[in-house]
Protein chains: 2
Amino acid sequence: MDVKISDRMANINPSAIREMLKVTAMPNVISFAAGGPSPEEFPVKELAHLAAEIFETDSYTALQYSVTEGYAPLREITKDRIKNKFNIGREFDDLIIVSGGQQTISLATQCLVNEGDIVVCENPSFVGALNTFRAFNAKLTGVPMDENGMDITVLENILKTESRVKLIYTIPTFQNPTGVTMPLKRRQHLLELAEKYDVMILEDDPYYELRYSGEIVPTLKSMDETGRVIYSGSYSKTISPGMRIGYACGCKELIAKMTVAKQTQDVHTNAMFMMIVARYIEQFDFDAHIRECCEHYKVKRDFMLKKMEEKLTGYVKFTKPEGGLFIWCELPQEYSGFEFCKFAANYGVACVPGTTFDVAEDRNNNCFRLNFTIPSLEQIDKGIDIVADCLEKFIK
Amino acid sequence: MDVKISDRMANINPSAIREMLKVTAMPNVISFAAGGPSPEEFPVKELAHLAAEIFETDSYTALQYSVTEGYAPLREITKDRIKNKFNIGREFDDLIIVSGGQQTISLATQCLVNEGDIVVCENPSFVGALNTFRAFNAKLTGVPMDENGMDITVLENILKTESRVKLIYTIPTFQNPTGVTMPLKRRQHLLELAEKYDVMILEDDPYYELRYSGEIVPTLKSMDETGRVIYSGSYSKTISPGMRIGYACGCKELIAKMTVAKQTQDVHTNAMFMMIVARYIEQFDFDAHIRECCEHYKVKRDFMLKKMEEKLTGYVKFTKPEGGLFIWCELPQEYSGFEFCKFAANYGVACVPGTTFDVAEDRNNNCFRLNFTIPSLEQIDKGIDIVADCLEKFIK
């Protein structure tokens, strides 16, 4: 029989990242295609110790149904931490634990965006978010980026002319895929526009604490005095992505609705790992762990950028991110990033084509994304040599 | 500021079960309101052993991003097990690991049901499913039940007259909340109707292996030769609900789309627990564990039904389930189950009012649901005494 797929899902396809992951499963392939932290940074011993402790003393709580809002101690610890460190959260806000940052995007969209409403986002942007907006039959409008993030003049034009904009989706810090960070002034401007045109902002911020250089820029949420910003935070990049633990901070009314929505998706997040994360932050020095991650990633970023400057200059332009996981490369206008990634895959290097992150899914997109946190220095060295070789052959 | 909630979520409220759970958090309250397995049955030692083993030998896989379809060994083990034991799965089928059975309902609805499409379900039915259909702006049509499940004549009338029926949602075995099981003949009839009117069936089957008496009835999915049935299975009731591990078996095209949908919800299910469950089934005697659960639950069910016959006869009618977790009680027509549950809560017993499971959310619903797997024999003894007392006072 032919299954009739719903209108909202009919035209959504698996992302090209997944195709690239098939390439990376081949032996000896050097992968710049991933989007995670380095497994070398996982605090394995500490997590193992805590899991054993919880199985020993509190297995009932870890294995029975839990509450949808999340394990209460983890909610409190997270609230306190982001308030004290980043001034995130006001009296009117609340916080829910979610199954990874992706679920915040999904729940916020489910609770805010009607079919046909417009979601404005950076172009390019995180494909997991784009597909979520598509899956709720929202209309996507991309705003081009410069070295300071979303072009705010284009944004204002959209807000002026389109009445159905419901949500602005932004990754203001170490953006995925470009690595670009929006400066304070533009953030303030963005907040003013959201206020003026009465639009909500979804601030996706999984990389905020992974800064290797430059000055800290306040989050949008830390400047939100009206409840207009939904903040998506995550423990994926700083502890482990496999456990799927993130959190959303937003105004109480919205978080209450997102809780009802979460009941319809997965009832609650894995209970054992909510407990493990709570105890990890309580019993160990989480900030020191993050500092150590940053030191290691800084070495990799510096090495990769230096190598790219040596080898790729003249072929591609690329961003110089102050943190996060990604470097964004731009081929000359007439070349397709998608074709280049296919080409490079045959020589043993995996990158993610720009079309993946393109609001229009345009195969003529001339960009590709490189990750520098997972490959070793040796792999970066060898991998960028191969990329350089491929560029020489590819660009006639 | 006032947040404008989406149309799909505006009218969905937290379920009354949650209100009842607040009652159960009070000291000395006897709870018949839960919906989970007894924590005494959790295989804590085995799971703790496996977690330690995985942290020791395979922490990378457990803590890094995993694939959306689920940990490959768990998919294979699950496919083999349900094929060998229950004849579930054909050449045209595939299987995805999900974050609890709830996610199968959510993903199937997202991929099949357009806004305004009709979902037909048993009335009463599982509130988590009803809210999911509501959250996708589907129209819910309830079919009344008799002692053999969904009234098939009413169902056919609906299918005959309504052109937009997309999905039949059913819990054919030990239904939640009624405990009723649909006999083979009616299952065959249901399949024929689905075929005749070209409608998909979502078979929600979390309790199938928890049978304490009577004859095994084949699942709808085991009789599905065309790919019309989506089967929702779960490890929540037989291993642990807190870990959130379930699975969906359906035709390949649908499972592929549900995989894309899952990427938009939570990317993948908690990796460590997918590995733990795979190894648990491989290394331990899962069937023996389930047999043991059934022995214990049988004692509780038998004791509870006997006690109810002694104490409640004349006040309420109640079902006599052959398995699962629930007994369904019916007050005389003119009394509200909701009012009775509020009344009983004041005397220290928590039950779930029928309105929770009612397609129309009708507060005049004269029923309530009792769980017998979690309370101890002592609590059942005392709790049913209190229920009897309350009924005597409540029914004038």
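It should be emphasised that the depicted structure is a prediction, and the values quoted were computed from it without experimental measurement.

A. Inspection of the interface of chain A and chain B at higher detail. On the side of chain B, 80 residues touch chain A, which itself brings 79 residues to the contact. The contact between chain A and chain B buries some 6,500 Å² in all, and 57% of this surface belongs to carbon and sulfur atoms. Here chain A and chain B share two salt bridges between them. Lys4(A) is the partner of Asp198(B) in a salt bridge, and the nearest nitrogen-oxygen pair spans 3.0 Å.

B. Here's a closer look at the packing of aromatic side chains. The tally for this structure, following the rule as stated, stands at 31 aromatic pairs over all chains. Measuring from centroid to centroid gives 5.9 Å for Trp328(A) and Phe357(A), while their planes differ by 80°, and the two rings are edge-to-face. Placement of Trp328(A) in strand E11 (residues 326-330) and of Phe357(A) in the loop between strand E13 (352-353) and strand E14 (367-371) is noted, with a sequence separation of 29 residues between them. Note on Tyr335(B) and Phe394(B): the rings are 5.7 Å apart at their centroids and 50° apart in plane angle, and the pair reads as tilted. Placement of Tyr335(B) in the loop between strand E11 (326-330) and helix H13 (337-345) and of Phe394(B) in helix H14 (residues 377-394) is noted, with a sequence separation of 59 residues between them. The exposure class of Phe394(B) is buried, given its relative accessible area of 14%. Among the aromatic residues, those joined into a ring-pair cluster are Tyr335(A), Phe340(A), Phe343(A), Tyr347(A), Phe368(A) and Phe394(A).

C. Just the environment of Met200(A), in detail. All names here are of chain A. For Met200, the position within the fold is in strand E7 (residues 200-204). On the accessibility criterion, Met200 (3% relative accessible area) is buried. Separated by 71 residues in sequence, Met200 and Ala129 place their C-alpha atoms 16 Å apart.

D. Layout of the relation of the copies chain A and chain B. The transform that puts chain A on chain B rotates by 180° and translates by 0.0 Å along the axis, for an RMSD of 0.0 Å. With respect to symmetry, the two chain copies, as superposed, fit the operation of a two-fold axis. A high fraction, 100%, of the interface residues of chain A reappear at the interface in chain B, so the copies pair face to face through one surface.

E. Looking closely at the side chain of Thr178(A). All names here are of chain A. Tracing the backbone through its elements, the reader meets Thr178 in the loop between strand E6 (165-170) and helix H9 (184-196). For Thr178, a relative accessible area of 4% corresponds to the buried category. A polar atom in the side chain of Thr178 sits 3.3 Å from the backbone nitrogen of Val180. The contacts of Thr178, once residues within four sequence positions are left out, are Pro124, Met145, Thr319, Phe326 and Trp328.

F. Up close: the environment of Thr269(B). Looking at where Thr269(B) falls in the secondary structure, it is placed in the loop between helix H10 (252-265) and helix H11 (271-283). Measuring from C-alpha to C-alpha, the distance between Thr269(B) and Tyr71(B) comes to 8.8 Å, with 198 residues separating the pair along the chain. Ignoring any residue separated from it by four or fewer positions in sequence, one finds Thr269(B) in contact with Gly242(A), Arg244(A), Ile97(B), Val98(B), Ser99(B), Gln103(B), Arg244(B), Ile245(B), Lys262(B) and Met274(B). There is a polar contact of 2.8 Å between the side chain of Thr269(B) and the side chain of Lys262(B).

G. Representation of the pattern of salt bridges. All names here are of chain A. Summed over the entire model, instances satisfying the criterion amount to 55 salt bridges over all chains. Across the pair Glu53 and Arg279 runs a salt bridge, and its minimum N-O distance is 2.8 Å. Taken as a pair, Glu53 in helix H3 (residues 44-57) and Arg279 in helix H11 (residues 271-283) lie far apart in primary sequence, 226 residues in all. The shortest N-O distance in the salt bridge between Lys196 and Glu156 comes to 3.3 Å. Of this pair, Lys196 sits in helix H9 while Glu156 sits in helix H8 (residues 152-161); the two residues are 40 residues apart in sequence, bridging distant segments of the chain.

H. Spotlight on the pairing of strand E14 (residues 367-371) of chain B. Residues and elements named next belong to chain B. When you tally the buried positions in E14, you get five out of five residues, the bulk of the element. The alternating pattern of E14 places Cys367, Arg369 and Asn371 and Phe368 and Leu370 on opposite faces, both of which are buried. Strand direction decides the pairing type here: E11 and E14, joined by five bridges, are antiparallel. Along E14, the bridge assignment pairs Trp328 with Arg369.

I. Structural detail: the sheet that holds strand E3 (residues 118-123) of chain B. Residue and element names in this part refer to chain B. Here we have eight strands laid out as an open sheet, ordered E2-E9-E8-E7-E6-E3-E4-E5, and mixed in their pairing. The open sheet has two edge strands with one neighbour each: strand E2 (93-98) and strand E5 (149-150). Inspection of the sheet shows strand E4 (residues 139-146) paired to E5 by two bridges, in the antiparallel sense. Bridge pairing in E5 places Asp146 opposite Gly149. Here helix H6 (residues 101-112) sits on the sheet in contact with E2, strand E6 (165-170), strand E7 (200-204), strand E8 (229-234) and strand E9 (246-251), set at roughly 155° to E8.

J. Geometry of the packing of helix H12 (residues 286-312) of chain B against H14(B). Residue and element names in this part refer to chain B. Axis separation between H12 and H14 bottoms out at 10 Å; the angle between their running directions is 25°. Between H12 and H14, the crossing angle belongs to the class labelled roughly parallel. The chirality of how H12 crosses H14 is right-handed. In contact with Val299, Lys300, Phe303, Met304, Lys307, Met308, Lys311 and Leu312 of H12, H14 contributes Leu377, Ile380, Asp381, Ile384, Asp385, Val387, Ala388 and Leu391. The residue inventory of the contact of H12 with H14, partitioned by class, reads 11 nonpolar, no polar and five charged.

K. Representation of the nonpolar core. If you look at the biggest cluster of nonpolar residues, it comprises 215 residues, and the most contacted ones within it are Tyr235(A), Phe273(A), Tyr235(B) and Phe273(B). Sequence-distant contacts of Phe273(B), that is, excluding residues within four places in its chain, are made with Phe55(A), Leu63(A), Asn270(A), Met272(A), Phe273(A), Met243(B) and Ile245(B).

L. Inspection of the state of the cysteines at higher detail. Residue and element names in this part refer to chain A. In total, this model carries zero disulfides over all chains according to the counting rule given. The structure places no disulfide on Cys121, whose sulfur is separated from the nearest cysteine sulfur, that of Cys367, by 15 Å. For Cys121, a relative accessible area of 0% corresponds to the buried category. Free of any disulfide, Cys390 has its nearest neighbouring cysteine sulfur in Cys351, separated by 8.2 Å. In this structure Cys390 comes out as buried when scored by relative accessible area, which is 0%.

M. Up close: the sheet that holds E11(B). Strand order in the open sheet made by the four strands is E10-E11-E14-E13 (chain B), with antiparallel pairing throughout. A strand with exactly one partner marks an edge of an open sheet, and here the two such strands are strand E10 (317-318) and strand E13 (352-353) of chain B.

What counts and how
- Residues numbered from 1 in each chain as written.
- Chains lettered and ligands numbered in written order.
- Predicted model: local features only at pLDDT ≥ 70, side-chain atom pairs only at ≥ 80, totals over all residues.
- Heavy atoms only, no water.
- Contact = heavy atoms within 4.5 Å.
- Buried area = accessible area lost by both parts, 1.4 Å probe.
- Salt bridge = Lys/Arg side-chain N within 4 Å of Asp/Glu carboxyl O.
- Phe/Tyr/Trp six-rings, centres within 6.5 Å; stacked < 30°, edge-to-face > 60°.
- Helix = DSSP H or I, 4+ residues; strand = E, 2+ residues; numbered from the N terminus.
- Buried < 20%, exposed > 50% of the residue type's maximum accessible area, 1.4 Å probe, protein only.
- Least-squares fit on C-alpha atoms with pLDDT ≥ 70 in both.
- Polar contact = N/O pair within 3.5 Å; in protein donor to acceptor, adjacent residues only side chain to side chain.
- Pairing = 2+ DSSP bridges.
- Axes fitted to C-alpha atoms, helices over the stretch in contact; angles between N-to-C directions.
- Parallel < 35°, antiparallel > 145°, perpendicular 65-115°, else oblique.
- Left-handed = near helix turned anticlockwise from the far one by under 90°.
- Nonpolar A, V, L, I, M, F, W, Y, C, P; charged D, E, K, R; others polar.
- Core = buried A, V, L, I, M, F, W, Y, C linked by side-chain atoms within 4.5 Å.
- Disulfide = S-S within 2.5 Å.

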